[in-house]
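Working through the structure, step by step
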Amino acid sequence: NWRPYKREILFAVQSKGVTGYIDGTIPKPNSYPGPIYPTTQQTTPLFSPTPFPEEWEACDRLVAGAIVSNITDPVGLGIDKTKRASEIWSMLRS
(Lines give C-alpha, C1' and ligand atoms only; values in the text may rest on other atoms or scores of the structure.)
Protein backbone atom coordinates (compact mmCIF):
# COMPACT_ATOMS: atom_id res chain seq x y z
CA ASN A 1 0.00 0.00 0.00
CA TRP A 2 1.60 3.23 -1.18
CA ARG A 3 0.35 5.67 1.48
CA PRO A 4 1.70 3.86 4.57
CA TYR A 5 4.93 3.01 2.74
CA LYS A 6 5.42 6.62 1.59
CA ARG A 7 4.73 7.92 5.11
CA GLU A 8 7.24 5.47 6.62
CA ILE A 9 10.00 6.33 4.15
CA LEU A 10 9.47 10.08 4.41
CA PHE A 11 9.53 9.86 8.20
CA ALA A 12 12.79 7.88 8.06
CA VAL A 13 14.57 10.31 5.73
CA GLN A 14 13.22 13.39 7.52
CA SER A 15 14.48 12.05 10.84
CA LYS A 16 17.98 11.74 9.35
CA GLY A 17 17.86 15.16 7.66
CA VAL A 18 18.35 13.75 4.17
CA THR A 19 15.02 14.61 2.52
CA GLY A 20 16.84 16.48 -0.26
CA TYR A 21 18.20 13.18 -1.56
CA ILE A 22 14.76 11.66 -2.03
CA ASP A 23 13.21 14.68 -3.72
CA GLY A 24 16.33 15.54 -5.74
CA THR A 25 16.86 19.01 -4.26
CA ILE A 26 20.41 18.08 -3.24
CA PRO A 27 22.02 17.37 -6.60
CA LYS A 28 25.02 15.12 -7.05
CA PRO A 29 28.17 17.27 -7.04
CA ASN A 30 30.14 17.18 -10.28
CA SER A 31 33.57 17.43 -8.74
CA TYR A 32 35.51 18.54 -5.73
CA PRO A 33 35.52 22.23 -4.93
CA GLY A 34 39.23 22.00 -4.15
CA PRO A 35 42.12 19.54 -4.35
CA ILE A 36 41.21 15.86 -4.55
CA TYR A 37 43.37 15.03 -1.56
CA PRO A 38 43.07 17.95 0.84
CA THR A 39 45.77 18.34 3.45
CA THR A 40 43.22 18.23 6.27
CA GLN A 41 40.03 16.22 6.65
CA GLN A 42 37.16 18.24 5.27
CA THR A 43 33.48 17.64 5.81
CA THR A 44 30.40 19.67 5.23
CA PRO A 45 27.72 20.32 7.85
CA LEU A 46 25.26 17.44 8.29
CA PHE A 47 22.38 19.21 6.56
CA SER A 48 24.47 20.87 3.86
CA PRO A 49 22.80 21.36 0.48
CA THR A 50 26.29 21.21 -1.07
CA PRO A 51 28.04 18.10 0.28
CA PHE A 52 31.37 16.78 -0.92
CA PRO A 53 31.07 13.92 -3.46
CA GLU A 54 31.79 11.13 -0.93
CA GLU A 55 29.30 12.58 1.53
CA TRP A 56 26.69 12.85 -1.20
CA GLU A 57 27.25 9.20 -2.21
CA ALA A 58 26.97 8.00 1.39
CA CYS A 59 23.76 9.92 2.05
CA ASP A 60 22.23 8.93 -1.28
CA ARG A 61 22.98 5.25 -0.60
CA LEU A 62 21.49 5.61 2.90
CA VAL A 63 18.25 6.94 1.42
CA ALA A 64 18.19 4.43 -1.45
CA GLY A 65 18.74 1.65 1.07
CA ALA A 66 15.81 2.84 3.16
CA ILE A 67 13.59 2.90 0.08
CA VAL A 68 14.63 -0.50 -1.27
CA SER A 69 14.89 -2.39 2.02
CA ASN A 70 11.26 -1.61 2.81
CA ILE A 71 9.99 -3.21 -0.40
CA THR A 72 9.11 -6.91 -0.38
CA ASP A 73 10.09 -7.57 -3.99
CA PRO A 74 12.23 -4.75 -5.44
CA VAL A 75 13.34 -6.87 -8.40
CA GLY A 76 9.72 -7.68 -9.23
CA LEU A 77 8.98 -3.95 -9.33
CA GLY A 78 11.93 -3.39 -11.66
CA ILE A 79 13.94 -1.34 -9.17
CA ASP A 80 17.54 -0.75 -10.15
CA LYS A 81 19.45 -0.44 -6.88
CA THR A 82 22.30 1.36 -8.62
CA LYS A 83 20.13 4.39 -9.43
CA ARG A 84 20.06 7.55 -7.35
CA ALA A 85 17.59 7.61 -4.47
CA SER A 86 15.56 10.33 -6.17
CA GLU A 87 15.35 8.24 -9.36
CA ILE A 88 14.17 5.17 -7.45
CA TRP A 89 11.61 7.26 -5.56
CA SER A 90 10.37 8.88 -8.76
CA MET A 91 9.98 5.47 -10.43
CA LEU A 92 7.90 4.21 -7.51
CA ARG A 93 5.67 7.28 -7.56
CA SER A 94 4.82 6.88 -11.25
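Up top is the structure.
1. Overview of the overall build of the chain
When helices and strands are tallied, the chain shows 4 helices and 0 strands. Along the chain, helices and strands appear, N-terminal first, in the series α-α-α-α. Residue pairs in contact within the chain that sit at least 24 positions apart in sequence constitute 51% of those at least 6 positions apart.

2. So, the nonpolar core
In this structure, Tyr5, Tyr21, Ile22, Val63, Ile67, Ile88 and Leu92 are the most contacted members of the largest nonpolar core, which totals 19 residues. Mapped onto this core, the elements with two or more residues apiece are helix H1 (2-16), helix H2 (19-23), helix H3 (53-69) and helix H4 (85-93). Sort the elements by how many residues they give to this core and H3 lands first, with 6 residues. In contact with isoleucine 88, not counting residues within four places along its chain, are Ala64, Ile67, Val68, Ile79, Asp80, Lys81 and Lys83.

3. Examining the environment of phenylalanine 47
The residue phenylalanine 47 is located in the loop between H2 and H3 in this model. Given the relative accessible area of 57%, phenylalanine 47 is considered exposed. For the pair phenylalanine 47 and lysine 16, spaced 31 residues apart in sequence, the C-alpha to C-alpha distance is 9.1 Å. Setting aside residues no more than four positions away along its own chain, phenylalanine 47 makes contact with Lys16 and Gly17.

4. Examining the packing of aromatic side chains
Summed over all chains, the structure comprises 4 aromatic pairs. Between tryptophan 2 and tyrosine 5, the aromatic rings sit 5.9 Å apart at their centres with planes inclined by 45°, giving tilted as the arrangement. In this pair, tryptophan 2 and tyrosine 5 both sit in helix H1, 3 residues apart, roughly one turn of the helix. Since its relative accessible area comes to 32%, tryptophan 2 is described here as partly exposed. We classify tyrosine 5 as buried; its relative accessible area is 13%. Ring geometry for tryptophan 2 and tryptophan 89: centres 5.2 Å apart, planes at 40°, overall tilted. With a gap of 87 residues between them, tryptophan 2 in helix H1 and tryptophan 89 in helix H4 connect regions that are remote in the sequence. The exposure class of tryptophan 89 is buried, given its relative accessible area of 5%. Aromatic rings pair up to connect Trp2, Tyr5 and Trp89 into one cluster.

About the criteria used
Residues numbered from 1 in each chain as written. Predicted model: local features only at pLDDT ≥ 70, side-chain atom pairs only at ≥ 80, totals over all residues. Heavy atoms only, no water. Helix = DSSP H or I, 4+ residues; strand = E, 2+ residues; numbered from the N terminus. Contact = heavy atoms within 4.5 Å. Core = buried A, V, L, I, M, F, W, Y, C linked by side-chain atoms within 4.5 Å. Buried < 20%, exposed > 50% of the residue type's maximum accessible area, 1.4 Å probe, protein only. Phe/Tyr/Trp six-rings, centres within 6.5 Å; stacked < 30°, edge-to-face > 60°.

Scope: geometric values only; no functional claims are made or implied.
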